[in-house]
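Chains, contacts and geometry: an overview
Read off the chains here:
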Amino acid sequence: MAQRRRLRPNRMSIMRCLLTCALVTAATLALLTVHVLPSFKAPSYSGAKKLSKRWDVSKKELRWTQELAPPQLSKFIAFSRSRKISQLGSSDRVTSAEFQKLWKPPPSRGFVPCVAPGSSYSSPGQSRGYFLVHANGGLNQMKAGISDMVVVARLINATLVIPKLDKNSFWQDKSKFADVFDEEHFIASLVNDVKIVKKLPPEFAKAKRAVKYFTSWSSVEYYQGEIYQLWDDHQVIRAAKSDARLANNNLPPEIQKLRCRTFFEALRFAPPIEALGKLLVDRMKSIGPYIALHLRYEKDMLAFSGCTYGLSQQESDELAAIRENITHWKVKEIDPSEQRARGYCPLTPKEVGLFLSSLGYPSNTPIYIAAGEIYGGQAHMADLESHFPILMSKEMLASKEELRPFSMHASQMAALDYIVSVESDVFVPSYSGNMARAVEGHRRFLGHRKTIIPDRKMLVHLFDKVDQGLLSEGDKLSDKITEIHRRRQGSPRKRKGPISGTKGRDRFRSEEVFYENPLPDCLCQLSSSDL
């Protein structure tokens, strides 16, 4: 009996030891859960047995998170992780099949870039003079215009001087070409296409020059005829504007390939922009597969389009005053209700949230907001954030020190958004503006990455029914929206021509923009034996 009593303390000691070890282990695991950065793979697993497969730890990710990224990024990652863990087994969990449906890109059907010049393509001929270009508009409008002006330089046997960027647009950006684009790469990439110099030689500073507003959507014959004849009396030709000065269709194959080589390859962003852009992409992907949302809900767009749905009277008046005061915006009186009903307005943040939810994206989906300052700020973003709390931006992904060199330059900041958008798992534009078209085209060129183009006209019709109580949020709305967008996800198709019945300039305006869809000119389909 005494022997048995002497054994009890030993058993108690052993149990205390085991309990202490268990507590220490649990505490260690808790610390790791809080402080280790996860690498989210796919929200398609359930149960604790697969938890370790969902969160992979990378020393590289820990390094940039701890040393470079701003504090708010860590907070969002922690929030994202806790939300995903808490939702294991919940109704917000996504099955493997659903995950594939949401994130898998459409089949490319073997289409690959084919922009190399043919065997009969010649080097640039004898230069007749110097070609000056004033690129107008925002980043992507200038990028498209510069690409067209490279073609024009070749057509008129000109030496292209590095283009001047627009410094008088709404954004008042003073960036030079080399601040936004990789100037050396641009010149070297096009050496067999056009002669390019960085500056007009001093001896031509006072040379007789022709300043021309080229006719929009012009043919090769226009430039090789009317414009080429200007060399008879001038040594310098200056293009006062560069946007939409070349036809979208019915141009020689080599000309179309040159446009693609310039837009998608030669006009690479400046090295500092490329470096930070890649870092932002890495940081977004560390959170998980993400949507890049081009939320064109900015002051300039709303003022230009006259779209005031969901705005206060004071906000509407402010936008009307902006439109009235910008002289080169020709249309002043706009019916906002008609604009919206026809699908001419960008989706509001609230509408975007409802749209993505109806497509089946769970609330824990990371979304990168590719935009400038959202009009109305948090007051208008609250509805989107209520659907998708993990909203990120370049300002949240990068530290102030990292952004400082670019923050005062709209074109350079837009270039960062462009990079993150092109590399996203899914791209969704709320409006079909210049950036939306450029990114969509670039994603098609790189392999038809998933790009969901909202049918704004149909969506507005459905959302109005929801507001009127005629249709409720849920499966019925989701089924309608999903079906409408089943064929609007970036799969290969030929570029659309003009709308039937349109004439003159309206006919050209109705065409799908060349850089929005470079098929068939710059994409070729591999045969089954090549796949």
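Residues numbered from 1 in each chain as written. Predicted model: local features only at pLDDT ≥ 70, side-chain atom pairs only at ≥ 80, totals over all residues. Heavy atoms only, no water.

Per an unreviewed UniProt entry, the recorded name for the protein chain is O-fucosyltransferase family protein, and the organism is Rhynchospora pubera. Per UniProt, the protein chain carries the Pathway (unreviewed entry) text "Glycan metabolism." Of the comments in the UniProt record for the protein chain, the one headed Subcellular location (unreviewed entry) reads "Membrane". (UniProt positions renumbered as here; feature names shortened; annotations may be inferred.)

1. Description of the sheet that holds strand S2 (residues 129-133)
On the basis of which strands lie adjacent, the open sheet formed by five strands has the order S4-S3-S2-S6-S5 and parallel pairing. Every other strand in the sheet has two partners, leaving strand S4 (195-197) and strand S5 (209-212) as the edge strands with one partner each. Recorded for the sheet is a direction-independent mean angle of 25 degrees between the axes of neighbouring strands. Sheet contacts for helix H6 (residues 139-155): S2, strand S3 (158-161) and strand S6 (236-239); angle to S2, the most-contacted strand, approximately 165 degrees. (Pairing = 2+ DSSP bridges. Helix = DSSP H or I, 4+ residues; strand = E, 2+ residues; numbered from the N terminus. Axes fitted to C-alpha atoms, helices over the stretch in contact; angles between N-to-C directions. Contact = heavy atoms within 4.5 Å.)

2. Overview of the packing of aromatic side chains
Applying the stated criterion to the full structure yields 16 aromatic pairs. Judged by centre distance (5.8 Å) and plane angle (15 degrees), the ring pair of Phe181 and Phe269 falls under stacked. Of this pair, Phe181 sits in the loop between helix H7 (177-180) and helix H8 (183-189) while Phe269 sits in the loop between helix H10 (253-266) and helix H11 (271-287), and the two are 88 residues apart along the sequence. Assessed through its relative accessible area of 4%, Phe269 is described here as buried. Ring geometry for Phe214 and Tyr223: centres 5.3 Å apart, planes at 90 degrees, overall edge-to-face. The two residues Phe214 and Tyr223 agree in class, both being buried. Pairwise contacts between aromatic rings join Phe177, Phe181, Phe186, Phe269 and Tyr418 into one cluster. Above the plane of the ring of Phe514 lies Arg259, whose end atom (NZ or CZ) is 4.3 Å from the centre. (Phe/Tyr/Trp six-rings, centres within 6.5 Å; stacked < 30°, edge-to-face > 60°. Buried < 20%, exposed > 50% of the residue type's maximum accessible area, 1.4 Å probe, protein only. Lys NZ or Arg CZ within 6 Å of the ring centre and 35° of its normal.)

3. Some details on the packing of H11 against helix H19 (residues 410-422)
Contact pair H11 / H19: the axes reach a minimum separation of 9 Å and the direction vectors enclose 45 degrees. Comparing the axis directions of H11 and H19 gives the class oblique. For the pair H11 and H19, the sense of crossing is right-handed. Here Ile273, Glu274, Leu276, Gly277, Lys278, Leu280, Val281 and Met284 of H11 lie close against H19, whose contacting residues are Gln412, Ala415, Leu416, Ile419 and Val420. Classifying every residue of the contact of H11 with H19 by side-chain character gives nine nonpolar, two polar and two charged. (Parallel < 35°, antiparallel > 145°, perpendicular 65-115°, else oblique. Left-handed = near helix turned anticlockwise from the far one by under 90°. Nonpolar A, V, L, I, M, F, W, Y, C, P; charged D, E, K, R; others polar.)

4. Comments concerning the sheet that holds strand S7 (residues 291-294)
Read from one edge of the open sheet, four strands run S9-S8-S7-S10, paired in parallel fashion. Edge positions in the sheet fall to strand S9 (391-392) and strand S10 (426-429), since each of these pairs with one other strand and no more. Examined bridge by bridge, S7 and strand S8 (residues 367-369) share three bridges and lie parallel to one another. What sits directly across from Leu293, in S8, is Ile369.

5. Considering the pairing of S7
Of the two faces of S7, the one carrying Ile291 and Leu293 and the one carrying Ala292 and His294 are both buried. Relative to S10, S7 is paired through four bridges, and the arrangement is parallel. The partner of Ile291 across the bridge, within S10, is Val426.

6. Brief notes about unusual backbone geometry
With an omega of 20 degrees, the peptide bond running from Leu519 to Pro520 counts as cis. Along the polypeptide, Pro520 turns up in the loop between helix H23 (504-509) and strand S11 (523-525). The phi angle at Asn157 is positive, at roughly 55 degrees, despite the residue not being glycine. In this fold, Asn157 is placed in the loop between H6 and S3. Look at Asn157 and you get partly exposed, because its relative accessible area is 28%.

7. Details of the state of the cysteines
Scanning the entire structure with this criterion turns up three disulfides. Covalently, Cys307 is tied to Cys345 through a disulfide, its sulfur atoms 2.0 Å apart. Judged by the sign of its S-S torsion, about -90 degrees, the cystine formed by Cys307 and Cys345 is left-handed. You can see Cys307 sitting in the loop between helix H12 (299-305) and helix H13 (313-325) and its partner Cys345 sitting in the loop between helix H14 (336-341) and helix H15 (349-359), a full 38 residues away along the chain. A single burial state applies to Cys307 and to Cys345, both of which are buried. Regarding the disulfides, the protein chain carries the connectivity 1-6, 2-5, 3-4 under sequence-order numbering of its bonded cysteines. (Disulfide = S-S within 2.5 Å.)

8. Thoughts on the pattern of salt bridges
Counted according to the given criterion, the structure contains 26 salt bridges. Put simply, Asp506 and Arg509 hold a salt bridge, and the shortest N to O gap is 3.4 Å. Residue Asp506 and its partner Arg509 are located together in helix H23, separated by three residues, close to a single helical turn. (Salt bridge = Lys/Arg side-chain N within 4 Å of Asp/Glu carboxyl O.)

9. Quick word on the environment of Gln489
Here Gln489 is to be found in the loop between helix H22 (475-484) and H23. Overall, the relative accessible area of 21% leaves Gln489 in the partly exposed class. Along the chain, Gln489 and Val428 lie 61 residues apart, while their C-alpha atoms are 9.3 Å from each other. With near-sequence residues (within four places) excluded, Gln489 lies in contact with Pro106, Arg449, Lys450, Thr451 and Ile452. Within polar-contact distance, the side chain of Gln489 engages the backbone oxygen of His485 at 3.2 Å. (Polar contact = N/O pair within 3.5 Å; in protein donor to acceptor, adjacent residues only side chain to side chain.)

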